[in-house]
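What follows is each chain in one-letter form.
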Amino acid sequence: MKSTVEQLSPTRVKINVEVPFDELKPNFDRAYRKLAQQVRIPGFRPGKAPARILENRLGRGVVLDEVVNEAIPAKYSEAVTAEDVRPLGRPDIEVTEIKDGEQLAFTAEVDVRPIFELPNASAISVTVDDVAVTDDEVAEQLDALRARFGTLTGVDRPAAKDDFVVVDLSATVGGEPVEEAATTGLSYQIGSGGLVDGIDEALTGLSAGESATFTTTLVAGEHADRDAEVKADVTAVKERELPEADDEFAQLASEFDTLDELREDLRDRLGKAKRMQQAAEARDKVLEAYLAGAEVPLPDSVVAAELEVRTHDAIHAFDHDDAKLLEWLSEQGKTREEFDTEAKEQAERAVKTQLVLDAVADAEELSVTDMELTQQIVTQAQRFEISPEEFLQRTQQAGQLGAVYADVRRGKALANVVRQATVTDGSGGAVDLTEFLGEPDSVVEASDEADPVDEAGDEAETADEAVTTEERASDEAGERASDEAGEQASDEADEQAEASKDEDTAPAKA
C-alpha cells in the first residue's frame, strides 16, 4: 500500500491511498464467504458456492463493492498510522479509482490536531481571594446545625417567615378542579420556596383556621404553563424552637464533648470549604491565562460537533420545543441570535481547552493507569447514582471509554500547569494547592473542560452542608441523581461518538 499526505490547512489534511489488488485477497475471500451465505444457488449448500459461480450469478460489481466497503476503513487506519496523522472525527472518503485486478485508490480528508506552541506555565501569576473564616459564619453554621435538632411548637398567632404551617391546597383552572394539585395536611416552611410562586405571600399573616386564594402558573401536569386559582387553608401554625447552644447540645449533635470543640470543628470545615473555593478560583484563572497565551487554530468539524451537542442539550431541557426555548430566552432578555453566538463561543473555548491540554499531556508524556481510569468511572457513576458496572457498560456501548481516558489525562495535564504557575492570595502570600491537586503523579479528576479541582469547587459551593458534624458526599451527586440524567449521559455519549475515535474525540459538553 502507498500513501501520501497533503496539508490542506493547519487543521485539515488529505490522505491519498493506493492499494494493490494483491493486498485485497483476504478481503475478496471474506466477501465470497459472506455473499455465499446470503445467496441460495441451486446445487450448492449455503456458503459453499464457488467464487466463479457467485460472480456469474451476482456480477463482479457486487463483489467489488463488498471488498471496497470492507477494505477502505482498514486501509485508512493503516495510512493514518503510517503517516503519523492524528485525526479528529470521521474522514470524508472519496474512491478515486477501482482498476479491477490492479489497484484501489481513494482519498480521505479529515480534521487533525493542529501544531502550535504552548505557553510557559511558570510565567503565569494569578491572585486569588484570601481564606478567612469569621465568627459570624461559624455562628451561622452552628444555628443551621441547631435547626436540624429543633422542635416544632404550635403557636396562636399569624404565620411569619420561617414558620411552619400545616395547609390544605386545592386548585382550579378555568373553574375546573385540578386533582393533581390538591393536597391535605401538607407541612410547609414559609420562605423555603419549595412549592409554587405566590404561596409564601399568601400564607404570611394567616392564622390557623384562615385561608387565602392566589393565582399562580402551574409548572407540571396536564395544565402546565396555565394560570390556576389556588386556595390555601391553614390548619396550624408552628414555630421552630432551637436547642440551647451548650455542651449538652454538642454531645447530642456531634462526637464532641464541649461547645467550643464543636465550634472549632465547624471553623475547620468552613476553612476547608473556602480553601476549596480558592483552589477552584486558582484553577480557573490559571487556565484562562494559559489559554490566552496559546494561539490555536480550531478544526471546524470539531467545533461544529461541540456546538451541536450544546444546542441539543439546551433544547433538550425544554423537551426539544424551540418555542419554549425562545420564550425562556425572552425572559432572560436574550435573542436566539445572542444565544447562538454565546453557544459558539463556548464551543470554541471547550475545543481549544481540550486541544491545549492534550498538547500539554503529550509534551509531558502523561498516561493514565488502570487505577486512575477506574477511579474516574466510580466518580462518574456516583454522580448519576448508578453502579460503576452500569456506567462502564453504558460508556462502552457508546464507544466513549476513550473519552473518559482522555478526560482524566487532560485533568492531570491541567493540574501540572497549575502547579507550575505562581498563585498568591490577596495578602500576597503563596497559596499551596497540594491538598487539592495532589502530587505530580497522583490522580486528578477532569470535568467536561478538564477541571482537575472541579469536585473541590462543587463542594465549596455547598459549604453550608459541608460543615455538618457528619462526613457527607458532595451534593453534586444528588443534583444529578435521576434516571433522566443517566439516560442523557448515554444520549450525549452516542452523539459524541459520531465525532470521536478512541481518545481522539470531539470535546464533551461542559
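Use the structure listed above.
Peer 1: Which residues make up the environment of Glu-306, and what values do they have?
Peer 2: Turning to its location among the elements, Glu-306 is positioned in helix 8 (residues 300–316). On the basis of relative accessibility, which here comes to 0%, the residue Glu-306 falls in the buried class. With 38 residues separating them in the primary sequence, Glu-306 and Lys-344 have C-alpha atoms 8.6 Å apart.

Peer 1: Break down the sheet that holds strand 1 (residues 2–9) for me, with residues and values.
Peer 2: Read from one edge of the open sheet, 4 strands run 1-2-4-3, paired in antiparallel fashion. Because the sheet does not close on itself, it has two edges, and the strands there are strand 1 and strand 3 (87–99). The mean angle between the axes of side-by-side strands here comes to 20°, regardless of whether they run parallel or antiparallel. With 7 bridges connecting them, strand 1 and strand 2 (residues 12–20) associate as antiparallel partners. Along strand 2, the bridge assignment pairs Ser-3 with Val-17.

Peer 1: With reference to specific residues and values, describe the pairing of strand 12 (residues 422–425).
Peer 2: Burial along strand 12 is one-sided: the face carrying Val-423 and Asp-425 is buried and the face carrying Thr-422 and Thr-424 is not. Both strand 5 (residues 125–128) and strand 12 contribute to a ladder of 4 bridges, which runs parallel. Looking at the pairing, Val-126 lines up with Val-423 of strand 12.

Peer 1: Got a sec to walk through the side chain of Asp-163? Specific residues and values, please.
Peer 2: Inspection of the secondary structure puts Asp-163 in the loop between strand 6 (151–154) and strand 7 (164–173). Since its relative accessible area comes to 6%, Asp-163 is described here as buried. With residues near it in sequence (within four places) discarded, Asp-163 still touches Arg-157, Pro-158, Tyr-188, Gln-189, Ile-190, Val-237, Lys-238 and Glu-239.

Peer 1: Could you give me a rundown of the nonpolar core, with the residues and numbers involved?
Peer 2: Val-286, Tyr-290, Val-356, Val-417, Val-423 and Leu-433 are the most contacted members of the largest nonpolar core, which has 36 residues in total. At the level of secondary structure, the elements contributing two or more residues to this core comprise strand 5, helix 7 (259–292), helix 8, helix 10 (336–363), helix 13 (401–420) and helix 14 (434–437). When residues no more than four places from it in sequence are discounted, the contact partners of Val-423 are Val-126, Val-128, Ala-282, Val-286, Gly-429, Ala-430, Val-431 and Leu-433. Ranked by size, the runner-up nonpolar core spans 30 residues in total, among them Ile-15, Tyr-32, Ala-36 and Leu-104.

Peer 1: Can you tell me about helix 1 (residues 25–38), naming the residues and giving the values?
Peer 2: Given a rise of 1.5 Å per residue, 14 residues ought to cover 20 Å, and the 20 Å separating the end C-alpha atoms of helix 1 matches this to within 8%. Burial in helix 1 covers these residues: Asn-27, Phe-28, Ala-31, Tyr-32, Leu-35 and Ala-36. Buried residues of helix 1 fall within an arc of 165° about the axis and therefore sit on the same side. In helix 1, the exposed residues that point more than 90 degrees away from the buried face are Arg-33 and Gln-37. Considering only its buried residues, helix 1 is in contact with helix 2 (51–58) and helix 3 (60–82).

Peer 1: If you had to explain unusual backbone geometry to someone new, which residues and values would you point to?
Peer 2: Its identity as a non-glycine residue notwithstanding, Asp-84 has a phi of 55°, on the positive side. As for its placement among the helices and strands, Asp-84 is situated in the loop between helix 3 and strand 3. With a phi close to 60°, His-320 is a non-glycine residue in the positive phi region. For His-320, the location among the structural elements is in the loop between helix 8 and helix 9 (322–331). The class for His-320 is partly exposed, based on a relative accessible area of 45%.

Peer 1: How would you sum up the pattern of salt bridges? Please name residues and give values.
Peer 2: What the rule picks out here adds up to 35 salt bridges. Of the charged contacts in the structure, one is a salt bridge between Arg-146 and Asp-143, with a shortest N-O distance of 3.0 Å. Here Asp-143 and Arg-146 lie together in helix 4 (residues 135–148), a separation of 3 residues that amounts to about one turn. A residue is classified by how much of its surface remains accessible, and Asp-143, at 36% relative accessible area, is partly exposed. Here the residues in one salt-bridge network are Arg-12, Asp-92, Glu-109 and Asp-111, joined through shared partners.

About the cut-offs
- Residues numbered from 1 in each chain as written.
- Predicted model: local features only at pLDDT ≥ 70, side-chain atom pairs only at ≥ 80, totals over all residues.
- Heavy atoms only, no water.
- Helix = DSSP H or I, 4+ residues; strand = E, 2+ residues; numbered from the N terminus.
- Buried < 20%, exposed > 50% of the residue type's maximum accessible area, 1.4 Å probe, protein only.
- Pairing = 2+ DSSP bridges.
- Axes fitted to C-alpha atoms, helices over the stretch in contact; angles between N-to-C directions.
- Contact = heavy atoms within 4.5 Å.
- Core = buried A, V, L, I, M, F, W, Y, C linked by side-chain atoms within 4.5 Å.
- Expected span 1.5 Å × (residues − 1).
- Arc of directions from axis to C-beta.
- Salt bridge = Lys/Arg side-chain N within 4 Å of Asp/Glu carboxyl O.

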